[in-house]
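Letter by letter, the chains look like this.
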Amino acid sequence: PDGKNSVMEAAVISALCGFGTLLEGPKSTGKNVMMASIAWLLGVKYFRMNLDQKALPEDLYGSKTTDNSAADVLMSEDGKKMAAEYVQFRMGNRSLADTAGEYDRLKSLSSSIHLVNEESAFVKWGRQGGVFNADEINIWPTDTVVAGLNGVLDGEKVIVHASTGVNIKLNDRAYFFAGMNPGYEGTVDLNAAFKSRCNIIEMGYPDGIYNQLAANFNVSVTAD
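Bear in mind that the values here come from a model prediction, so they are computed numbers and not experimental data.

## Some words on the sheet that holds strand β1 (residues 20-24)
Judged by pairing direction, the sheet is parallel, and its 5 strands sit side by side in the order β2-β5-β8-β1-β9 without closing on themselves. A single partner strand is all that each edge strand has here, and the edge strands are β2 (46-50) and β9 (198-202). With strand direction ignored, the average angle separating the axes of adjacent strands in the sheet is 20°. In terms of strand pairing, strand β5 (residues 130-135) meets strand β8 (residues 174-180) through 5 bridges, oriented parallel. The residue of β8 that forms the bridge with Asn-133 is Phe-177.

The following block contains the structure:
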């Protein structure tokens, strides 16, 4: 760090070294902006998740949902055209075999309830890589934080998916960040095991805007 942007530099170094990074400080000190800026700087996607104290594990991992897209396709104009071509295939037009196969597949899916796992931003981040922002983490339920996040911060670097039981190995470019405003109403003390897995960077209000002006306009600014 050169003393000018030491907080940003420390956060980037922490991320690139594979550590979880906890940004701690009052509101409006630039925690979320800095995380989004780091994603831009590293050329990766930015994922932000905010949970409240009533959140369930499926809110972190994603839940099962029904997929009715096959029925929707069959009811569309494309589906009606596909049905007509399917009839032609059954009458001997073998050139429509691919269309007929797709029609059979859609009919099979639409005839029963099709369940799919809807991936949350957390799981997508783990698979795809990027900067993950666990926003206001000291409002999240403690058991959800411990069960869901400790695994991504230790040596194994995996997400243990609560719904499927499948271990998802983190992408090599998955960088974990969390932000918290300590002491506000509704917040809770973070689990000590979780905090021990993070580098903690304290965010404060700047003494002035002179450095920002100098950086933006490439001029030397002094206070009178």
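Next comes the rest of the description.
## Quick look at helix α6 (residues 97-110)
Here α6 contains 14 residues, and its C-alpha end-to-end distance of 20 Å stays within 8% of the 20 Å for a straight helix at 1.5 Å per residue. Of all the residues in α6, the buried ones are Ala-100, Tyr-103 and Leu-106. The buried residues of α6 all sit within an arc of 125° when viewed along its axis, so they share a single face. The inward-facing, buried residues of α6 abut α4 (69-75) and α5 (77-90).

## Some points on helix α7 (residues 121-128)
Turning to α7, its buried residues are Phe-122, Val-123, Trp-125 and Gly-126. Down the axis of α7, the sector holding all buried residues measures 160°, keeping them to one side.

## Focus on the pairing of β8
Taken across its 7 residues, β8 has 7 buried, putting it largely inside the fold. Burial of the side chains of β8 extends over both faces: Ala-174, Phe-176, Ala-178 and Met-180 are buried on one face and Tyr-175, Phe-177 and Gly-179 on the other. Where β1 and β8 come together, 4 bridges link them in parallel fashion. Residue pairing in the sheet places Leu-22 in a bridge with Ala-178 of β8.

Each value, and the rule that gives it
- Residues numbered from 1 in each chain as written.
- Predicted model: local features only at pLDDT ≥ 70, side-chain atom pairs only at ≥ 80, totals over all residues.
- Heavy atoms only, no water.
- Pairing = 2+ DSSP bridges.
- Helix = DSSP H or I, 4+ residues; strand = E, 2+ residues; numbered from the N terminus.
- Axes fitted to C-alpha atoms, helices over the stretch in contact; angles between N-to-C directions.
- Expected span 1.5 Å × (residues − 1).
- Buried < 20%, exposed > 50% of the residue type's maximum accessible area, 1.4 Å probe, protein only.
- Arc of directions from axis to C-beta.
- Contact = heavy atoms within 4.5 Å.

Take it as geometry only, folks, not as evidence of what the structure does.
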